[in-house]
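# Topology and contacts: notes
One letter stands for each residue in the lines below.
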Amino acid sequence: DALKEVRTISYLLYPPLLEEMGLKSAIPWYLDGFSKRSNIQTTFEADPDFRRITPEAELALFRILQESLTNVHRHSGSASAAVKLSQVDGEAVLEISDSGKGISPKLLQEFGDEWAGSLGVGLRGMNARVSQLGGKLQVESTGKGTVVKARVPVSETLNSLTRTA
């Protein structure tokens, strides 16, 4: 059992599928394992034309997916989560939404634009990851759930290559 756990953890830290096939292929693999471990049902919708992005951006978005789903599991009380992946206006966009209790609107309002430094280390880490890539993290929350949307610029040079996922 311990060996199985160590293997699972090592694959979650840096899954070979992410490097080999890209984010679009790694997300369904991760969601399958997450659903089995957490009993939270997940859905995945990907833009059919989504192309590979830089390895740094793929890893950052993958980590944001992991942290967001950890937050769904620990805090939201939601029985489901939806993940969307697209490329829009020169950006790769990852969106994770749930139908849980949400982050307190009072807390979000109290911190306004400074939410990233006030709502926990997980959100701070996600914000730092996208900021380092010139992107933006948005968090919207109501009593009907939370939506985390990460946007990172896409390198046109990389997109013009035939490397697709």
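Residues numbered from 1 in each chain as written. Predicted model: local features only at pLDDT ≥ 70, side-chain atom pairs only at ≥ 80, totals over all residues. Heavy atoms only, no water.

### Points about the overall build of the protein chain
The number of helices and strands found in the protein chain is seven helices and five strands. Along the protein chain, from the amino end to the carboxyl end, the secondary structure elements read α-α-α-β-α-β-β-α-α-β-β-α. For the protein chain, the residues scored as buried account for 38% of the 165 residues in total. For the protein chain, the share of sequence-separated contacts (at least 6 apart) that also reach a separation of at least 24 residues comes to 64%. Looking at the protein chain as shown, the accessible area adds up to about 9300 Å², and 51% of this sits on carbon and sulfur atoms. (Helix = DSSP H or I, 4+ residues; strand = E, 2+ residues; numbered from the N terminus. Buried < 20%, exposed > 50% of the residue type's maximum accessible area, 1.4 Å probe, protein only. Contact = heavy atoms within 4.5 Å. Areas by Shrake-Rupley, 256 points an atom, 1.4 Å probe, with all protein chains shown as cover.)

### Overview of the environment of Gly143
Relative to the helices and strands, Gly143 resides in the loop between strand S4 (136-142) and strand S5 (145-153). Gly143 sits in the exposed class, given a relative accessible area of 62%. Those residues in contact with Gly143 that lie beyond four places of it in its chain are Gly100 and Lys101.

### Some remarks on the confidence of the model for the protein chain
Mean pLDDT over the protein chain stands at 84; residues scoring 70 or higher make up 79%. Confidence, expressed as mean pLDDT per element, reaches its minimum in the protein chain at helix H7 (residues 156-159) with 48 and its maximum at strand S1 (residues 41-46) with 98. Predicted confidence for residues 157-165 stays below pLDDT 50, and this span has 19 contacts to residues more than four positions away or in other chains. (pLDDT = per-residue confidence, 0-100.)

### As for the packing of aromatic side chains
Here the structure, examined in full by the defined rule, presents two aromatic pairs. Between Tyr30 and Phe34 the ring centres are 6.4 Å apart and the planes differ by 25°, which places this aromatic pair in the stacked class. Of this pair, Tyr30 and Phe34 both sit in helix H3 (residues 23-38), separated by four residues, roughly a single helical turn. The residues Tyr30 and Phe34 share a single accessibility class, namely buried. Ring plane angle 75° and centroid distance 5.5 Å describe the contact between Tyr30 and Phe62, whose orientation is recorded as edge-to-face. (Phe/Tyr/Trp six-rings, centres within 6.5 Å; stacked < 30°, edge-to-face > 60°.)

### Quick notes on the sheet that holds S5
Two orientations exist for strands paired in a sheet by backbone hydrogen bonds: parallel and antiparallel. Read across the sheet, five strands follow the order S1-S2-S3-S5-S4 without closing on themselves; strand pairing throughout is mixed. In this open sheet, the two edge strands, each paired with only one partner strand, are S1 and S4. With strand direction ignored, the average angle separating the axes of adjacent strands in the sheet is 10°. By the bridge criterion, seven bridges tie strand S3 (residues 91-98) to S5 in an arrangement that is antiparallel. Bridging across to S5, Val93 finds its partner in Arg151. (Pairing = 2+ DSSP bridges. Axes fitted to C-alpha atoms, helices over the stretch in contact; angles between N-to-C directions.)

### Overview of H3
The end-to-end C-alpha distance of H3 is 21 Å, a good match for the 22 Å that 16 residues give at a rise of 1.5 Å each. For H3, the full list of buried residues reads Leu23, Lys24, Ala26, Ile27, Tyr30, Leu31, Gly33, Phe34, Ser35 and Ser38. Directly after H3, the chain includes Asn39, whose backbone phi takes a positive value near 65°. (Expected span 1.5 Å × (residues − 1).)

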